[in-house]
Amino acid sequence: TLSASDFYEREDTCQSKPVRLLYTGRMDRSKGLMDILAALHGLIAAGEDLVWDLVGMPVKGDPVLDELFARANEYGLGERIKFHGYKPLGPELFDFYKRSDIYILASQSSFEGFPRTIWEAMAHGLPVVATSVGSIPDYISDCAALVKPRSPDDLNKSISKIISDQELRRKNIKRGMFISKQNTLEARSKELISSIRNYLNTKN
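This section reports on the structure supplied with the text. The structure presented is a predicted model; accordingly, all values stated were derived computationally and were not measured. (Residues numbered from 1 in each chain as written. Predicted model: local features only at pLDDT ≥ 70, side-chain atom pairs only at ≥ 80, totals over all residues. Heavy atoms only, no water.)

Okay, unusual backbone geometry next. The omega torsion of the bond from Lys-17 to Pro-18 falls at -5°, within 30 degrees of zero and hence cis. Along the polypeptide, Pro-18 turns up in the segment before β1 (19–24). Of note in this structure, Cys-14 is not a glycine but carries a positive phi near 55°. Along the polypeptide, Cys-14 turns up in the segment before β1. On the accessibility criterion, Cys-14 (14% relative accessible area) is buried. Despite not being glycine, Arg-150 shows a phi value in the positive range, around 60°. Mapped onto the elements, Arg-150 comes out in the loop between β6 (145–147) and α6 (152–164). For Arg-150, a relative accessible area of 58% puts it in the exposed group. (Helix = DSSP H or I, 4+ residues; strand = E, 2+ residues; numbered from the N terminus. Buried < 20%, exposed > 50% of the residue type's maximum accessible area, 1.4 Å probe, protein only.)

See below:
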């Protein structure tokens, strides 16, 4: 989903307050949205200044957003969470990555593939906190904070670590940028063409 022209390079995030957390994707409870909220609640109670932006499409029949905002209001966090609706792939969506500090994906599903949103986040210089499910650890185990699913406490600790540890944050940003550049449309197209040529050569 990414072209070389889409990249937004930066060395660091979390340079001003509030720190902006971002989730993009389907508004599906299996994505761990309530776990992220619980982690956010704990972090703010501990003194962190955070806001959370959600960008994506609601899932028909899943009232998780209603539940999330009801719980957020109970916590007194209603003003710190913003749902922006669906944004098409391109500048409008990418602008959210550019103005965020940390990307969070807390999927609970063991059948999770590898979400393209992680590549998008890394291509925009964001450190990533994600759950260790599906194919996620196979691709980014050395450049992201990975936590077990359904564990708000682990999310809390990993987000706090990213905010406080500049060396770790910069390392993950740099490594994530490098890996995402290996997964652009241009890079994958070259690999596909090379594979096709190699296959045809073996048939001649």
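This brings us to the packing of helix α3 (residues 91–98) against helix α4 (residues 116–123). At a closest axis distance of 9 Å, the pairing of α3 and α4 adopts a crossing angle of 65°. Where α3 crosses over α4, the handedness of that crossing is right-handed. Contact residues: Leu-93, Phe-94 and Tyr-97 in α3; Thr-117, Glu-120 and Ala-121 in α4. Grouping the amino acids of the contact of α3 with α4 by side-chain chemistry returns 4 nonpolar, 1 polar and 1 charged. (Axes fitted to C-alpha atoms, helices over the stretch in contact; angles between N-to-C directions. Left-handed = near helix turned anticlockwise from the far one by under 90°. Contact = heavy atoms within 4.5 Å. Nonpolar A, V, L, I, M, F, W, Y, C, P; charged D, E, K, R; others polar.)

Taken together, the side chains of Ile-196, Tyr-199 and Leu-200 define a hydrophobic patch exposed on the protein surface, amounting to about 300 Å² of accessible area. In this fold, Tyr-199 is placed in helix α8 (residues 185–203). (Patch = residues over 30% accessible without salt bridge, like charges linked within 9 Å, V, L, I, M, F, W, Y side chains within 5 Å. Areas by Shrake-Rupley, 256 points an atom, 1.4 Å probe, with all protein chains shown as cover. Salt bridge = Lys/Arg side-chain N within 4 Å of Asp/Glu carboxyl O.)

Let us look at the packing of aromatic side chains. Counting across every chain of the model gives 4 aromatic pairs. Relative to Tyr-139, the ring of Phe-114 has its centre 4.8 Å away and its plane inclined at 50°; by these criteria the two rings are tilted. Linking Phe-114 in the loop between β4 (102–105) and α4 with Tyr-139 in helix α5 (residues 136–140), this pair joins segments that are 25 residues apart in sequence. Taking the relative accessible area as the measure of exposure, Tyr-139 reaches 42% and is therefore partly exposed. These aromatic residues form a ring-pair network of at least three members: Phe-114, Trp-119 and Tyr-139. Geometry around Phe-96 places Arg-99 over its ring, the cationic atom sitting 4.3 Å from the centre. (Phe/Tyr/Trp six-rings, centres within 6.5 Å; stacked < 30°, edge-to-face > 60°. Lys NZ or Arg CZ within 6 Å of the ring centre and 35° of its normal.)

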